[in-house]
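Structural overview
The lines below spell out each chain.
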2 protein chains.
Amino acid sequence: MITCPAPLTTSDRVLLGHGGGGRLSGELIQKVFLKRLQDPLLQRLDDQAIFDSPGARLAFTTDSFVVKPLFFPGGDIGSLAVYGTVNDLAMGGAIPRYMSLAMILEEGLPLETLETVTESIARAAERCGVAIVTGDTKVVEHGSGDGLFINTTGIGVVPGTIDLSAANVRPGDVILLSGSLGDHGITIMAKREGIDLECDLESDSAPLDQMVRGMIEAHSGIRCMRDPTRGGLASALNEIAAVAGVSMRLDEARIPIKAPVRGACELLGLDPLYVANEGKLVAIVAPEAADAVLVAMRATELGHDAARIGVVREGRSGLVTISTSLGAERVVDMLSGDQLPRIC
Amino acid sequence: MITCPAPLTTSDRVLLGHGGGGRLSGELIQKVFLKRLQDPLLQRLDDQAIFDSPGARLAFTTDSFVVKPLFFPGGDIGSLAVYGTVNDLAMGGAIPRYMSLAMILEEGLPLETLETVTESIARAAERCGVAIVTGDTKVVEHGSGDGLFINTTGIGVVPGTIDLSAANVRPGDVILLSGSLGDHGITIMAKREGIDLECDLESDSAPLDQMVRGMIEAHSGIRCMRDPTRGGLASALNEIAAVAGVSMRLDEARIPIKAPVRGACELLGLDPLYVANEGKLVAIVAPEAADAVLVAMRATELGHDAARIGVVREGRSGLVTISTSLGAERVVDMLSGDQLPRIC
């Protein structure tokens with residue numbers, strides 16, 4: 001559950017920040033949706049719903065993709081839509097199996113664009129071993145959409161004993177991050193704004209399910225996992241800390257951030273802790289599991305730069321702090337407003 | 001499978017007609033999507049994918065809703081999104097269980113609108129006994145969307161022996177329709193265009209799952225069901241006839257159409273066979289099942305006006321004809337282009 005202090009806005013209209021994955025998004029979810037839609041599984045606000053079907057536990061997750069531009073270094077809206085939903089399933093420990101694909105097309109979209117995106121979807125689904133089994137297409141008039149919006153909804157199978165949930169997190173646990181922060185967000189922003197990063201930075205958009213399988217096989221002490229997309233690492237950890245009623249302390253020096261991301265963030269006044277990722281995960285694990293899980297992460301291509309970045313502590317419930325390289329400690333709050341619209 | 005004769009358009013861009021549920025939609029699905037996404041379940045083009053999960057058969061379906069206006073006599077985008085997905089599950093004989101809810105909001109949408117729609121969603125889900133267990137919200141800039149688009153994706157459980165598919169249809173089968181045609185489409189068009197119908201016509205938007213349960217209990221001889229939404233009854237029957245390799249003959253005098261719908265269609269040059277419905281189903285049943293199933297349909301409020309409207313015949317594969325009240329017989333083809341954009 002996201003805690004909502006005094007509202008930052010009294011707006012009676014939807015703001016771009018309502019889509020940012022931070023505090024405003026949390027307010028919208030609490031005050032508009034959860035107040036009216038009261039299913040206990042929905043109220044948990046996990047990245048996926050897990051329920052028992054006769055003979056199996058299934059995970060179920062949905063995501064719409066409105067990323068702008070449709071094509072960017074390292075990916076496109078099609079592969080992003082597949083990997084994003086695969087990752088939401090994987091964060092619950094589920095093995096992705098089936099996916100639906102729904103598109104809202106704007107009149108006038110070049111068919112070639114649609115074909116290219118569909119090919120990318122097919123390749124991404126094949127890579128993840130997920131079957132796209134049902135679909136839908138709608139068309140809206142020119143000016144009522146923006147090229148192409150995609151919804152993917154996924155079903156995965158959760159092996160018997162796995163129970164990953166923010167509620168499992170307890171003081172003493174270790175926080176692991178699978179790789180560098182901000183690659184996706186900065187790539188999108190640079191492409192959109194025409195900023196030349198003078199380097200080969202790409203989106204990290206990628207499927208995390210194989211890494212997760214290796215981590216789960218390595219040790220049973222994984223409490224909870226999240227892929228820090230909109231709102232970044234800061235928002236993901238704040239959500240977990242609030243649910244678990246714990247505090248967290250991060251070590252800035254251990255958080256991998258690539259030089260061009262660091263440079264772009266300084267230039268643009270952004271904090272990489274809040275920038276979106278599309279191929280990274282943060283895992284909270286029992287202390288005795290940390291070494292084994294970290295080794296398993298580093299053994300994969302996507303987890304090569306995995307690092308132990310902090311610890312869970314007793315104390316002020318929901319508080320996330322970071323000790324800087326200068327020895328200071330500062331609070332890492334939820335993202336307020338929208339750092340970068342239409343990042344995914 | 002939708003048969004695709006010579007293309008009606010050589011456009012290299014998305015047209016509104018690509019969303020109309022008729023021939024252009026079929027071309028888009030075949031030439032862009034199915035060429036690249038080759039899962040056998042997807043290729044079946046049923047309203048839902050049914051697959052085996054350990055211990056159960058599950059149905060899975062997705063639908064995006066872009067209806068304009070958001071509120072209309074008899075419903076709104078919220079209840080429509082729930083019932084639409086419930087109906088796609090029910091058409092496969094599945095009992096709806098779980099639903100995801102994904103919204104794409106346009107910056108500036110009044111929060112009150114979002115609250116009203118969410119309340120409608122909650123009521124509709126409760127009416128159908130379906131749990132909304134996972135969700136997503138995205139926001140796009142003002143001018144990049146149109147108020148509110150909704151995707152609902154549903155999971156249902158298919159009881160053991162049920163196997164409804166267009167491929168089951170054979171000559172001699174009877175075609176049953178659950179009620180009057182065109183109420184939804186004409187209601188939306190009248191509201192959007194400011195036409196005064198001088199009557200109380202409402203959308204027929206409603207959940208069909210209870211009627212389906214009664215029909216299945218009444219007789220095991222149901223071959224296939226469809227809810228004739230975009231593209232209307234004509235397109236639904238053309239699709240079934242093409243898959244089954246049969247022809248169909250309808251009896252115009254037996255097809256229930258309300259007077260205001262008939263009047264509006266005459267005025268606007270529309271054929272009610274092509275107008276969208278959101279609370280009707282067409283069932284193809286074995287001849288020995290027809291009476292029992294029809295009684296079960298009529299026993300429900302939504303099926304009060306159910307009627308036997310035609311028969312399946314040998315002969316030219318995929319051909320659907322109608323005998324008019326004047327004794328003539330005419331071909332009822334797929335919808336070409338888009339009769340009415342953004343009807344659902």
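Residues numbered from 1 in each chain as written. Chains lettered and ligands numbered in written order. Predicted model: local features only at pLDDT ≥ 70, side-chain atom pairs only at ≥ 80, totals over all residues. Heavy atoms only, no water.

1. Quick notes on unusual backbone geometry
Under the convention used in this document: Secondary structure is summarised from DSSP: a helix means a run of H or I of at least four residues, a strand means a run of E of at least two, and numbering begins at the N terminus for each.
Residues Lys68(A) and Pro69(A) are joined by a peptide bond in cis, for which omega reads 5°. With respect to the secondary-structure elements, Pro69(A) resides in the loop between strand S2 (56-65) and strand S3 (71-72). Positive phi values are uncommon outside glycine, yet Arg342(B) reaches one of about 55°. Secondary-structure assignment places Arg342(B) in the segment after strand S14 (329-331).

2. Remarks on the sheet that holds strand S11 (residues 282-285) of chain A
Residue and element names in this part refer to chain A. Filter applied, for reference: The criterion for strand pairing is that DSSP finds at least two bridges linking the strands in question. Orientation is described by lines fitted to C-alpha atoms, with helices fitted over the stretch in contact, and by angles between N-to-C directions that extend from 0 to 180 degrees. Only heavy atoms matter for contacts: two residues are in contact if any of them lie within 4.5 Å across the pair.
The sheet built from 7 strands is open, its strands ordered S9-S11-S8-S12-S10-S13-S14 with mixed pairing. Of all strands in the sheet, those with a lone pairing partner are strand S9 (222-226) and strand S14 (329-331), marking the two edges. For this sheet the average axis-to-axis angle between neighbouring strands, irrespective of direction, equals 25°. Sitting on the sheet, helix H9 (residues 290-298) is in contact with strand S8 (174-177), S9, S11 and strand S12 (307-313), with an inclination near 5° to S8.

3. So, helix H7 (residues 232-244) of chain A
Since the α-helix packs 3.6 residues into each turn, any two residues three or four apart lie on the same face. All names here are of chain A. Where we set the bar: A helix's residues, less one, multiplied by 1.5 Å, set its expected span. For every residue, the accessible area obtained with a 1.4 Å probe (protein chains only) is divided by the maximum for its type, and the residue is called buried under 20%, exposed over 50%, and partly exposed between those limits.
For H7, spanning 13 residues, the distance from its first C-alpha to its last is 19 Å, which sits close to the expected 18 Å at 1.5 Å a residue. For H7, a buried count of 10 out of 13 residues is recorded, marking the element as mostly surrounded by other parts of the structure. Among the residues of H7, Gly 232, Leu 233, Ala 234, Ser 235, Ala 236, Leu 237, Asn 238, Ile 240, Ala 241 and Ala 244 are the ones counted as buried. Where H7 is buried, its residues meet S8, S9, strand S10 (247-251), S11, S12 and strand S13 (320-323).

4. Digging into the sheet that holds strand S1 (residues 49-53) of chain B
Through backbone hydrogen bonds, the strands of a sheet pair up, either in parallel or in antiparallel fashion. All names here are of chain B. Taking strand neighbours across the sheet as the criterion, the 5 strands line up as S1-S2-S7-S5-S6 in an open arrangement whose pairing is mixed. The open sheet has two edge strands with one neighbour each: S1 and strand S6 (131-140). Going across the sheet, the axis of each strand differs from the next one's by a mean of 20°, ignoring polarity. Direction of pairing for strand S2 (residues 56-65) relative to strand S7 (residues 148-158): antiparallel, over a ladder of 9 bridges. Paired with Thr 62 across the strands is Thr 153, a residue of S7. Its contacts with the sheet put helix H3 (residues 77-90) on S2, strand S5 (95-106) and S7, and the angle it makes with S2 is roughly 145°.

5. Section: the relation of the copies chain A and chain B
How we decide: The least-squares superposition of copies is restricted to C-alpha atoms, and to residues with a pLDDT of at least 70 in both copies.
Least-squares fitting of chain A to chain B yields an RMSD of 0.0 Å, with the transformation described by 0.0 Å of translation along the axis and a rotation of 180°. Taken together, the rotation and translation relating the two chain copies correspond to the operation of a two-fold axis.

6. Thoughts on the pairing of strand S11 (residues 282-285) of chain B
Residue and element names in this part refer to chain B. Where burial is concerned, the two faces of S11 agree: the one with Val 282 and Ile 284 and the one with Ala 283 and Val 285 are both buried. Bridge count between strand S8 (residues 174-177) and S11: 4 bridges; the pairing is antiparallel. Its bridge partner being in S11, Val 174 is matched across the sheet by Val 285. Pairing of strand S9 (residues 222-226) with S11 involves 4 bridges; the strand directions are antiparallel. Within S11, the position partnered with Met 225 by the bridge is Ala 283.

7. Quick look at the interface of chain A and chain B
Where the parts come together, the accessible area they lose is often given as the size of the interface. Rule in force here: Buried surface area refers to the total accessible area, computed with a probe of radius 1.4 Å, that the two partners give up upon joining, counted for both partners together. Each salt bridge in this description consists of a side-chain nitrogen of Lys or Arg and a carboxyl oxygen of Asp or Glu lying within 4 Å of one another. Counting of polar contacts relies on pairs of N or O atoms within 3.5 Å, with two restrictions inside protein: one atom must be capable of donating a hydrogen and the other of accepting it, and residues adjacent in sequence are counted only when both atoms are side-chain atoms. Three residue categories are used. Nonpolar comprises Ala, Val, Leu, Ile, Met, Phe, Trp, Tyr, Cys and Pro, charged comprises Asp, Glu, Lys and Arg, and polar comprises the others, including Gly.
Across the boundary between the two partners, chain A contributes 75 residues, which contact 75 residues of chain B. Taken together, both faces of the contact between chain A and chain B bury some 6600 Å²; the carbon and sulfur share is 67%. Our count for the contact surface shared by chain A and chain B stands at 12 salt bridges. Between Glu119(B) and Arg36(A) there is a salt bridge, with its nearest N and O atoms 2.6 Å apart. There are 27 residue pairs in polar contact (both at pLDDT 80 or more) connecting chain A and chain B. Counting residues per element, the ones that place at least two in the side of chain A that touches chain B are helix H1 (23-34), helix H2 (40-43), strand S1 (49-53), S2, strand S5 (95-106), helix H4 (111-128), strand S6 (131-140) and strand S7 (148-158) of chain A. The dominant element in the side of chain A that touches chain B, judged by the number of residues it contributes, is S6(A), at 10 residues. For the side of chain A that touches chain B, the class distribution of residues is 37 nonpolar, 20 polar and 18 charged.

8. Overview of the pattern of salt bridges
Within the structure shown, the criterion is met by 40 salt bridges over all chains. Taking the shortest distance from any N to any O, the salt bridge between Asp183(A) and Lys258(A) comes out at 2.8 Å. Taken together, the residues span a long stretch of sequence, with Asp183(A) in helix H5 (residues 183-193) and Lys258(A) in the loop between S10 and helix H8 (259-268) at a distance of 75 residues. Asp183(A) gets classed as buried once you look at its relative accessible area, which sits at 1%. When the shortest N-O distance is used, the salt bridge between Glu329(A) and Arg313(A) registers 3.8 Å. Of this pair, Glu329(A) sits in strand S14 while Arg313(A) sits in strand S12; the two residues are 16 residues apart in sequence, bridging distant segments of the chain. Taking relative accessible area as the criterion, Arg313(A) reaches 33% and is therefore assigned partly exposed. Here the salt bridges do not stand alone but share partners, grouping Asp63(A), Arg230(A), Asp136(B) and Lys138(B) into one network.

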